[in-house]
Amino acid sequence: MDVLPLYFSEHIIKHYEIDASGRFSMAALANHVQENAAEHARRLKVGYRDMLQTNNAWMLARARFSYYTSPKLGSHIEAETWVKDTDRIFSYRDFHFKVNDEVFAVVNTAWLVANLETKKIEPVETFVKNAYKLKDRCLVNEPIPKLKGVEGKAEHVFMHEVKFSSIDLNHHVNNVSYLQWYLDYLPNGLALNPVKNLIINFLHEVRLSFKVNIYYNIQDKDDGVHVKCEMVNAATDQAACRIEAVHKK
């Protein structure tokens, strides 16, 4: 069976996918990103089990979330995803999420392939050479930037110890957990303010019982509240994750 260049899915928003602000949660959206990417990869014969045969795995390296509106509890949403392009290291995959045929969120992602044993990065084109590439289909087409860390003295500092609930099949922290930590430790009730856009870079793995220092710098500007966040392995001082976001006022 030929694999279509786009993968489509449908979903009814559940109670557990709504956050305290009454919106479709960022964690729920991020989980749908991972599941839709995984299912399309499986149909392209480069899914989780296919990759394990050569001891490789897909790793999400960068993502950008752009929000326009938020669907309500019980809304029927549709998702579509496709491979956008590749370069030497990354395979780029885009997503449109719709409600009532209107896009409510766009997600751009960059994935790499890592050998689980050697930790070396593999040439990604080998794994997506048979995929259709739709370079100009997405509503948001700018590159996902490489983020800098929190510069100078952070305004807010927190420490988090990694628990079992954050660990995934590869025995390191799941990508979605970093987004949840970002919101959990965001000071001054800012997590209740809707996110307009958010960029995240995943840099180094963190495992069970590791301690992570979480740093924030926050600036109130005309177009919203701008947040820089960096999560650092407390034992090695190595950055695990960086986030830049703009929240509505």
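You'll find the structure just up there.
In what follows, the accompanying structure is described. Source: prediction; values computed, not measured. For every chain, the first residue of the written sequence is number 1, and numbering continues from 1 along that sequence. In keeping with the predicted nature of the model, local features appear solely for residues at pLDDT of at least 70, side-chain atom pairs appear and are counted solely at 80 or more, and the whole-chain, interface and lining totals rest on all residues. Values shown for side chains rest on all heavy atoms present in the structure; no hydrogens or waters enter the calculation.

So, on to the nonpolar core. Each nonpolar core is a collection of buried residues, namely Ala, Val, Leu, Ile, Met, Phe, Trp, Tyr and Cys, held together in the definition by side-chain atoms within 4.5 Å. A simple rule labels every residue: compare its accessible area, found with a 1.4 Å probe on the protein chains alone, to the largest value its type can have, and call it buried under 20%, exposed over 50%, or partly exposed in between. Counting residues in hydrophobic clusters, the biggest one holds 48 residues, and the most contacted among them are Phe65, Phe97, Tyr178, Tyr182, Leu198, Ile200 and Met231. A run of H or I in DSSP counts as a helix once it spans at least four residues, and a run of E counts as a strand once it spans at least two, with each numbered from the N terminus. Per element, the largest residue contribution to this core is seven residues, and it comes from helix 1 (residues 26–43). Core analysis: the second largest hydrophobic core is formed by 10 residues, Ala61, Phe90, Ala114 and Ile144 among them.

With that settled, consider the packing of aromatic side chains. The criterion for an aromatic pair is that two Phe, Tyr or Trp rings (for Trp, the six-membered ring) have centres within 6.5 Å, with stacked assigned to planes under 30 degrees apart, edge-to-face to planes over 60 apart and tilted to the rest. In total, this model carries 10 aromatic pairs according to the counting rule given. Ring geometry for Phe158 and Tyr185: centres 5.6 Å apart, planes at 45 degrees, overall tilted. With a gap of 27 residues between them, Phe158 in strand 7 (residues 156–161) and Tyr185 in helix 4 (residues 175–185) connect regions that are remote in the sequence. Every member of this aromatic cluster is reached through a ring pair, and the members are Phe24, Phe95, Phe97 and Phe104. Taking the ring centre of Trp82 as reference, the NZ or CZ of Arg137 above it sits at 4.7 Å. Note on geometry: a ring has a charge over it if NZ (lysine) or CZ (arginine) is within 6 Å of the ring centre and within 35 degrees of the ring normal.

This brings us to helix 4. Taken together, the buried positions of helix 4 are Asn175, Val176, Ser177, Tyr178, Leu179, Trp181 and Tyr182. For the purposes of these results, a polar contact is taken to be a pair of N or O atoms within 3.5 Å, where, inside protein, one atom must be able to donate a hydrogen and its partner to accept one; residues adjacent in sequence count only when each atom of the pair is a side-chain atom. Where helix 4 begins, the capping side chain belongs to Asn174, and its oxygen is found 2.8 Å from the backbone nitrogen of Val176.

Mapped onto the elements of the fold, Val157 is located in strand 7. Under the relative-accessibility criterion, Val157 is labelled partly exposed at 48%. As for Val157 and Leu186, which are separated by 29 residues in sequence, their C-alpha atoms are 9.9 Å apart. What Val157 contacts, discounting residues up to four positions off in sequence, is Ile214 and Tyr215. Contacts: residue pairs with any heavy atoms within 4.5 Å of one another.

Moving on, we get to the state of the cysteines. Any cysteine sulfur atom paired with another within 2.5 Å is treated as part of a disulfide. Enumeration over the complete set of coordinates arrives at zero disulfides. Cys229 takes part in no disulfide bond, and the closest cysteine sulfur to it belongs to Cys241, at a distance of 6.8 Å. Looking at Cys229, the relative accessible area reads 2%, which means it is buried.

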